[in-house]
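# Fold and contact review
Next come the chains, spelled out residue by residue.
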Amino acid sequence: MGKKKVPVPWYQQHAITVVASAIVPALLPAGPGLSLIPAIILALSRVRWLYVRYWGVVPVVSLIAALEGVDSVLNAVLPLALMVALHYYAVSKAAEYRTSKRTALDTFADSVSGYLNQKCYVEKAWPKFLHMKSERVLISLSCIFKMVASIAFLIFFGLTQGMPKDPLDCAASSPRGLYAWTWVMYSAVALTEILYHCAMYLSNTIHNPVVNSFALPVLQPTYWQWYLIAQYGPTHGIWVPLVVENIRTISVSFFRMQDRDDTVVAPLMAVIDVLHALVVIAGSSLFGCSYPVAMLYRQILNGTMFVQSVAMLRLKKWRTWSVATKKVRCRLYFPVAHPEIECHKGKWQAGVTLPEDTGPVVFPKDHYVTKKYGDKIKVTYHKELALKRLEKRPDWESEVPSFVTFERRTIIPGSWVCLEVEAEHSGLCISEKEMNTELEGQFRVLHPLLDTKGLLAYWGDFQGKLFCAKRYKKDPQGGWDTVEVADESTLSEAEQSAIHNKHVRLLKPLFQDCLMQEKAAELGKAFNAVENLPVKKIDVLRACIMETGWEELRPQIYLLEPFLDDNSPFRKFNNNDFVPGAQAVQNTPNMYSLFSYFHSNKKLLVCDIQGKKYRFTDPQFHTSEKQSIDDDDYDEGELRDWLHSDGGLEMMKRVLLGLHAQQSLHALCDRIWPEQMAEFNRQVEEWKSDPEFAKQMEEWEKEAKLYSKYFSNLNPVLDAGVGTYNDMEEELSAAMLRTKE
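Residues numbered from 1 in each chain as written. Predicted model: local features only at pLDDT ≥ 70, side-chain atom pairs only at ≥ 80, totals over all residues. Heavy atoms only, no water.

### Things to note about the overall build of the protein
Selection rule: Only DSSP runs of H or I covering at least 4 residues are called helices, and only runs of E covering at least 2 are called strands; the numbering of each starts at the N terminus. Only protein chains enter the accessibility calculation, which uses a 1.4 Å probe. A residue is then buried if its area is under 20% of the maximum for its type, exposed if over 50%, and partly exposed in between. Residue contacts follow a heavy-atom distance rule, with two residues in contact if any of their heavy atoms lie within 4.5 Å. Working definition of accessibility: Shrake-Rupley area with a 1.4 Å probe, residue cover restricted to the visible protein chains.
Counting its secondary structure elements, the protein contains 26 helices and 18 strands. Taken over 741 residues, the protein has a buried fraction of 54%. If you take every contact in the protein between residues at least 6 apart in sequence, the share linking residues at least 24 apart comes to 73%. Element-wise, carbon and sulfur atoms account for 57% of the exposed surface of the protein, whose accessible area totals about 33200 Å².

As structure tokens, then:
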């Protein structure tokens, strides 16, 4: 699940918003109560722990009413208090119903998903975007309800109010019927938010305590903002914000229904909202136009949070990639053949015949490579790649303790093409500083790398200019850590020899990682080609190897792959060990794992699926040829040479057991692979009938509690990323930290 980070303190992350909440009331003065609104929006939207355990909005709104001098504070606050009570009651009942009616809810969701699968994929009578995965059926239905409510609001609001002739209300016109429409807006927003909150529980997407769930970014209520608007001054001036908010709701709900990101409409509506507020402020100062301050405060604060979020994400990206300035002279290795792997065929191979044995690759005169690079690069085909490194070992025959130098040849599985290019022609720029990212993991560190001239894009068919260069900081077998010493002359000859020898031992695992990703990408293509596949297509990242400083004593080897550059948390979907099926509810990656098992005739299982959205990286494999992870009694050639870590049949069973426990996965796989699933079910029942195996299962369940917390925080964080500019990695880190507390 990546490196554990402490989230950025809120007072640093939202400093601009804090300043705005203090300055805005001074620049746009209002009554003493309404002047508190910016601070309330900040606290309840960003400092969400205030909202978790104390229903702070009710007493705060009561304070506003008292300061504004209303006749009855109770009457002023009663509509909000009743809605808050209804919200808590409904969600509490949904959480109870999720437990007591789990089977009925799953059956309903599976039946709806199955019907839509028949219409969208088998009969192809309906468009594919209408399909719902079973675990998201209830969420999608609530999103549809939100869209219908917003569309209905826009239609009837337009019919009754028409186009406003005075949208800034400069003439102080009477808001004919608008007072009622603001309360309709408040009620509609509140009821749809409550419904969506209940759907998240009923679909088993979240497992947080009900009170704590109100702090989740996707579930934090916003209807109290519309309550304040309805309570304090509806005018014709709020026509634009009402329309904008409903359009945003329609767009966000549509994309949430499809488990996708809205990167256009929702941000555009936020921009329009901010621009409208600025126009209103200008109109108020120039023409003396009136405008409800409660609405204006909401627009300004939400706009400020939107702008700051965009700025923070841009700044975070700049900090990561601005340090990648060191030009790289390198050798790039691309896999082109392996007996067990269908390696990717790059565009550079068109019209090129590789040598029968190791030797230079000759390109035709009219080939792109000849025209583009000429003699600036050196391309060599290695039918058998052997990396030579000097090592030292003790000279046991010497009377005086000493070390002798010898050459070690590390044989790399498969056939490779090596591209050697000077720094001025490569266009590759790397940072010697490590990334601070969730992508790092337990065994490797990452360095940002820029492909400024498209070298990797052409030779590897990779997308984008941003890459991560991975190197091992720890032996992948779980042993020693690598050691970096600034001045090795201070070390003894034995210590220097140990450091160097450890470095050499890490050469082959990196090449094997590259081959593993190539095999996983091959399986990903086969998965995407499944007819009537009821889940989204996936992209398993391929990789290549970069070697620098090959003339030095200790050349550096990196695994290069495209950087997953989108605003969603890097996450694990399953593990290379047992994960409770009830928690791992992301169907697509788990279906891909199960497909690899069926597709390979039960010989391979790709697992430890991780990445962002539907782009996966750094997978692991278990094979049926090996009995257990500790079983090393095999001769050379008996096991797959492209694997350096294989949990064997024992670990394969543990992963499969977790996948089998995921009930929604059965509903999907039974339609596509009925015979294989029937055999799989019989197989798992046979394993469970073994008393020793059943006893082990109980221990695995206890050990896997961490994943229960991880997935219970993960799913709502993912939904919160749709249509917003929250930093999803920070959101997940903060959610995990709250869980530990």
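### Section: the pattern of salt bridges
To keep things clear, this is the line we draw: Take a side-chain nitrogen of Lys or Arg and a carboxyl oxygen of Asp or Glu: if they are within 4 Å of each other, that pair is a salt bridge.
Applying the stated criterion to the full structure yields 20 salt bridges. Here E522 ties to K519 by a salt bridge, and the two come within 3.4 Å at their closest N and O atoms. Residue E522 and its partner K519 are located together in helix α19 (residues 507–528), separated by 3 residues, close to a single helical turn. An identical accessibility class is assigned to E522 and K519; each is buried. A salt bridge links R615 to D539, with the shortest nitrogen-to-oxygen separation between them at 3.2 Å. A residue pair is termed long-range when its members are at least 10 positions apart, and R615 in strand β17 (residues 615–617) and D539 in strand β11 (residues 539–540) qualify at 76 residues. Through salt bridges with shared partners, one network takes in E245, R248, D273 and R298.

### A word on the environment of F406
Here F406 is to be found in strand β6 (residues 403–412). Judged by relative accessible area, which is 17%, F406 ranks as buried. With 16 residues separating them along the chain, F406 and L390 place their C-alpha atoms 5.7 Å apart.

### Notes on the sheet that holds strand β1 (residues 326–327)
How we decide: Strand pairing follows a simple DSSP-based rule, namely that at least 2 bridges must link the two strands. Angular values range over 0 to 180 degrees, each being the angle between N-to-C directions of two axes fitted as lines to C-alpha atoms, with helices fitted over their stretch in contact.
Strand order in this open sheet of 10 strands is β1-β8-β9-β10-β13-β12-β2-β7-β4-β3, and the pairing throughout is antiparallel. Two strands in the sheet have a free side with no partner beyond their single neighbour: β1 and β3 (359–360). Where strand β10 (residues 466–472) and strand β13 (residues 556–562) come together, 4 bridges link them in antiparallel fashion. Looking at β13, one finds that F467 is bridged to P562. Along the sheet face, α19 touches β2 (330–337), β7 (415–421), β9 (444–451), β10, β12 (544–548) and β13 and points at about 15 degrees away from the line of β13.

### As for the packing of helix α2 (residues 15–27) against helix α14 (residues 293–321)
Rule in force here: What sets the label is the angle itself: under 35 degrees gives roughly parallel, over 145 gives roughly antiparallel, 65 to 115 gives roughly perpendicular, and the rest give oblique. A clockwise turn of the near helix away from the far one marks a right-handed crossing, whereas an anticlockwise turn of less than a right angle marks a left-handed crossing. Classes in brief: Ala, Val, Leu, Ile, Met, Phe, Trp, Tyr, Cys and Pro nonpolar; Asp, Glu, Lys and Arg charged; the others, Gly included, polar.
Running from N to C, α2 and α14 point in directions that differ by 160 degrees, and their axes come no closer than 9 Å. Considering their axes alone, α2 and α14 lie roughly antiparallel with respect to each other. Judged by the twist between their axes, the crossing of α2 over α14 is right-handed. The residues of α14 that touch α2, namely those facing A15, I16, T17, A20, S21, V24 and P25, are Y297, I300, L301, T304, M305 and Q308. For the contact of α2 with α14, the class distribution of residues is 9 nonpolar, 4 polar and no charged.

### A short note on the packing of aromatic side chains
Formally: Two rings from Phe, Tyr or Trp (for Trp, the six-membered ring) form a pair when their centres sit within 6.5 Å of each other. Planes less than 30 degrees apart are called stacked, planes more than 60 degrees apart edge-to-face, and all others tilted.
Within this structure, the stated rule accounts for 32 aromatic pairs. When the ring of Y115 is compared with that of W126, the centres are 5.7 Å apart and the planes differ by 75 degrees; the resulting orientation is edge-to-face. On the criterion of sequence distance, the pair formed by Y115 in helix α7 (residues 102–122) and W126 in the loop between α7 and α8 (137–161) is long-range, its members being 11 residues apart. Among the residues examined, Y115 registers a relative accessible area of 44% and is labelled partly exposed. Among the residues examined, W126 registers a relative accessible area of 33% and is labelled partly exposed. Seen in terms of ring centroids, F254 and F255 are 5.6 Å apart; in terms of plane orientation they differ by 85 degrees. Their pairing is edge-to-face. Ring pairing ties together the aromatic residues F527, F573, Y592, F595, Y597, F598, F616, W673 and F680, which thus form one cluster.

### A word on the side chain of Q517
Looking at where Q517 falls in the secondary structure, it is placed in helix α19. Setting aside anything within four residues of it in sequence, one finds Q517 in contact with V540, L541, R542, A543, L559, E561, T617, D618 and P619.

### Some details on helix α6 (residues 73–100)
To be explicit about the condition: Expected helix span is given by 1.5 Å per residue-to-residue step, counting one fewer step than there are residues. Fitting one axis to the seven residues ending at a residue and another to the seven starting there, the bend at that residue is the angle between the two axes.
Along its 28 residues, α6 runs 40 Å from first to last C-alpha, staying within 8% of the 40 Å computed at 1.5 Å per residue. Of all the bends found along α6, the most pronounced is centred on P79 and spans about 35 degrees. Restricting attention to buried positions, one finds in α6 the residues A76, V77, L80, M83, V84, H87, A90, V91, S92, A94, A95 and R98. In the core, the buried residues of α6 are packed alongside α5 (57–67), α7, α9 (178–202), α10 (210–213) and α11 (223–231).

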